[in-house]
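A structural walkthrough
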Amino acid sequence: MQPRYYFDHNATTPLSGEVMQALVPALQEVYGNASSIHQCGQAARQKLEGARRQVAAMLGATPKEIVLLSGGTEADNLAMFGIARPGSHVITTGIEHAAVLGAARRLEQRGVSVSYLKPSRAGFVSPQDVREALRPETALVSVMHANNETGVVQPIAGIAAVCREAGVLLHSDGVQAAGRIAVNVRALGVDLYSVSAHKMYAPKGIGALYVRSGVSLEPQIFGGRHERERRAGTENVPSAVAFGRAAEWICGHVGEEAARLAALRDRLERGIVSVVSDTRVNGANAERTPNTSNICFTGVEGEAMVIALDLRGFAVSSGSACSSGAVEPSHVLLAMGLSPQEARSSVRFSLGRGNDEAQVDALIEAVAAAAGHLRRVSTYSHA
Ligand code: PLP
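Just so you know, these numbers come straight off a predicted model, no measurement behind them.

For an α-helix the count is 3.6 residues per turn, leaving residues at separations of three or four pointing the same way. An ideal rise of 1.5 Å per residue puts 18 Å on 13 residues; helix 1 (residues 17-29) measures up with 19 Å between its terminal C-alpha atoms. Where helix 1 is buried, its residues meet helix 9 (237-275).

Right under this line is the structure:
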C-alpha cells in the first residue's frame, strides 16, 4: 500500500491529537443531559458552557452570542430562514456553498426575492456591487468569508460597512475561514457567522452560528428551550467539548500555522506551474486562505486527475466535495468567468496540519506524471 497523503482539508479534516484527548474522556464520562438538575447534568452543563466560551473566544464573540448546532449547513440555514420573511429581499452571491444556495432557492419558493451577485474574474464580490443591489425591502445579505473551492477571501468588512449604513443584516459563511485565518466577528462587522467543527480537526456533526447580541432570529427547530430558545434539541456535549478544544488550539496557533501553510501552498503552486505546462492558478490575484490552491490544467479532465492522483496515494478534489461525482463543472469557477472546459480541468489542493515539504514535493512529482500521462492518452480537447 502506497503512503496516503491527504490534500483535501477543505472537504474535511482528520481529528487532531489534542481533540482526541478531549473527546474520548468526554464520550465516556460526560453522559449527563445538560438540562438535568442533578450533578451528572450539571457536569455536562459546565463542559458545554466551557466549550461555548472557547468557540466564542475563537471568533471574538461573547458566549451568549454562540448557538451550537449540527454544523455549517444548519448554521447557514438558520441564518437565512431565521431572518428572511416572504416579501423580503436577500442578496447573496453565485459562489456560495450549496448550504447557502440551497437555502436561497428554497426561500425563493417561499416568496422571498433573491439577488445572486457575480464575482470578478479574481473571485471576489465588491462592496459596491452589494450597495447597488440593495432595495428598500432587503432584509439580509449573505456573502461567504472564504470560498471552499478557490480559498478567495471576500471583503467582508467593506460589505459590512455598506450593510450597516443601509440598516441591513449581514451573514457570512465562515466555514472555510475560521481556523485557517484569524477571525474576529466584531472587526469584520458581521451580524451572523457560520462555522463548522469538522473543518478544524474536530468531529463532523457540530458547528456554531454566531448571532450578534440584539439580532432577533426566528428558530427553525422547535421543542425544548435549548440554546436560549434559538435551537431546540438535547445538546451534543462530547462533540461540543471537542469543538471547544479545537477552537482553543486555533486561538493559540492560527497565525503560525497559516504562515507555514502559505509557504507550503506557494511551494506547491511554484512547483506545479514550473513543471507542468499550460497550468493556471484560479483566483491567484485575490487574497486567499493560506491552505487552498485551485489549479486549471489545460487539456486534462479534473476528475481523471483526481483518480490518477488517488491511485498514486494522494487525496485531492475537483470542485467542492458535495459536487464530486457530478458531471457539472464547478458553479464557482463558472461564476468567475472560466469556460465550462476550464472549470472541468481544474483541481483543488487543500493543505493542512499533516502536510510537510516532503509531501508537497512528492505531490508535485505525482501531478507532473499524472498530467503528462493524461494528456498523452486523453481525447479531451486541448482547445
Ligand atoms: N459552507 C462551506 C463554505 C463549506 O465548505 C461547507 C462544507 O464543505 C459547508 C458550508 C457545510 O458545512 P457542514 O459540512 O458542517 O454542514
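Time to look at the packing of helix 3 (residues 72-83) against helix 4 (residues 98-109). In the contact formed by helix 3 and helix 4, the axes pass within 9 Å of each other and the chain directions differ by 35 degrees. Helix 3 and helix 4 meet at a crossing whose hand is right-handed. Between helix 3 and helix 4, the residues in contact are Thr73, Asp76, Asn77, Met80 and Phe81 and Ala99, Val100, Ala103, Ala104, Arg106 and Leu107, respectively.

Quick look at the pattern of salt bridges now. Under the defined criterion, the tally for this structure stands at 20 salt bridges. Of the charged contacts in the structure, one is a salt bridge between Glu74 and Arg231, with a shortest N-O distance of 2.8 Å. With Glu74 in helix 3 and Arg231 in the loop between helix 8 (226-229) and helix 9, this pair connects stretches of sequence that are 157 residues apart. A relative accessible area of 15% means that Glu74 is categorised as buried. Note on Arg231: relative accessible area 17%, which makes it buried. In this structure, the salt-bridge partner of Arg265 is Asp266, at a minimum N-O distance of 3.1 Å. A residue is classified by how much of its surface remains accessible, and Arg265, at 8% relative accessible area, is buried. A network of salt bridges, in which partner residues are shared, links Arg45, Glu49, Arg52, Glu227 and Glu235.

What follows concerns the sheet that holds strand 10 (residues 292-297). Reading across from one edge, 9-10-12 is the order of the three strands in this open sheet, with antiparallel pairing throughout. Where the open sheet ends on each side, the last strands, each with one partner, are strand 9 (279-281) and strand 12 (346-350). Shown here is a sheet whose adjacent strand axes are inclined to one another by a mean of 25 degrees, direction ignored. With five bridges connecting them, strand 10 and strand 12 associate as antiparallel partners. Bridge pairing in strand 12 links Ile295 to Val347. Sheet contacts for helix 9: strand 9, strand 10 and strand 12; angle to strand 10, the most-contacted strand, approximately 10 degrees.

The seven strands lie next to each other as 2-8-7-6-5-3-4, forming an open sheet whose pairing is mixed. Two strands in the sheet have a free side with no partner beyond their single neighbour: strand 2 (66-69) and strand 4 (113-117). Strand-to-strand, the axes of this sheet are offset by a mean angle of 20 degrees, without reference to chain direction. The sheet strands contacting helix 6 (residues 156-166) are strand 5 (138-142) and strand 6 (169-173), and the helix crosses strand 6 at an angle near 160 degrees.

Packed helix pairs are characterised by how far apart their axes lie and by the angle those axes make with each other. Running from N to C, helix 10 (residues 302-311) and helix 13 (residues 357-377) point in directions that differ by 125 degrees, and their axes come no closer than 10 Å. By the angle between their directions, the pair helix 10 and helix 13 is classed as oblique. Between helix 10 and helix 13 the crossing geometry is right-handed. Residue-level inspection shows Ala304, Met305, Ala308 and Leu309 of helix 10 in contact with helix 13, the latter providing Leu363, Ala366, Val367, Ala370, Ala371 and Leu374. For the contact of helix 10 with helix 13, the per-class residue count stands at 10 nonpolar, no polar and no charged.

Thresholds, definitions, all that
Sequence positions are assigned chain by chain, starting from 1 and proceeding in written order. pLDDT decides what is reported in this predicted model: residues at 70 or higher carry local features, side-chain atom pairs at 80 or more are listed and counted, and totals for whole chains, interfaces and linings draw on all residues regardless. Each side-chain value is worked out from all heavy atoms of the structure, with water and hydrogens disregarded. Runs of H or I in DSSP of at least four residues are treated as helices and runs of E of at least two as strands, each being numbered from the N terminus. Between the first and last residue of a helix there are one fewer steps than residues, each counted as 1.5 Å, and that sum is the expected span. It only takes one pair of heavy atoms within 4.5 Å for two residues to be counted as in contact. Between the N-to-C directions of two axes lies an angle of 0 to 180 degrees, each axis being a line fitted to C-alpha atoms and, for a helix, fitted only over the stretch in contact. Here a crossing is taken to be left-handed if its near helix is turned anticlockwise relative to the far helix by less than a right angle, and right-handed if that turn runs clockwise. Whenever Lys or Arg places a side-chain nitrogen within 4 Å of a carboxyl oxygen from Asp or Glu, that contact is recorded as a salt bridge. Each residue gets one of three labels from its accessible area relative to the maximum for its type: buried under 20%, exposed over 50%, partly exposed in between, using a 1.4 Å probe on protein chains only. Two strands make a pair as long as DSSP finds a minimum of two bridges between them. Our angle categories are set so that under 35 degrees counts as roughly parallel, over 145 as roughly antiparallel, 65 to 115 as roughly perpendicular, and the remainder as oblique. As a working rule, the residues Ala, Val, Leu, Ile, Met, Phe, Trp, Tyr, Cys and Pro are called nonpolar, Asp, Glu, Lys and Arg charged, and the rest polar, with Gly in that last group.

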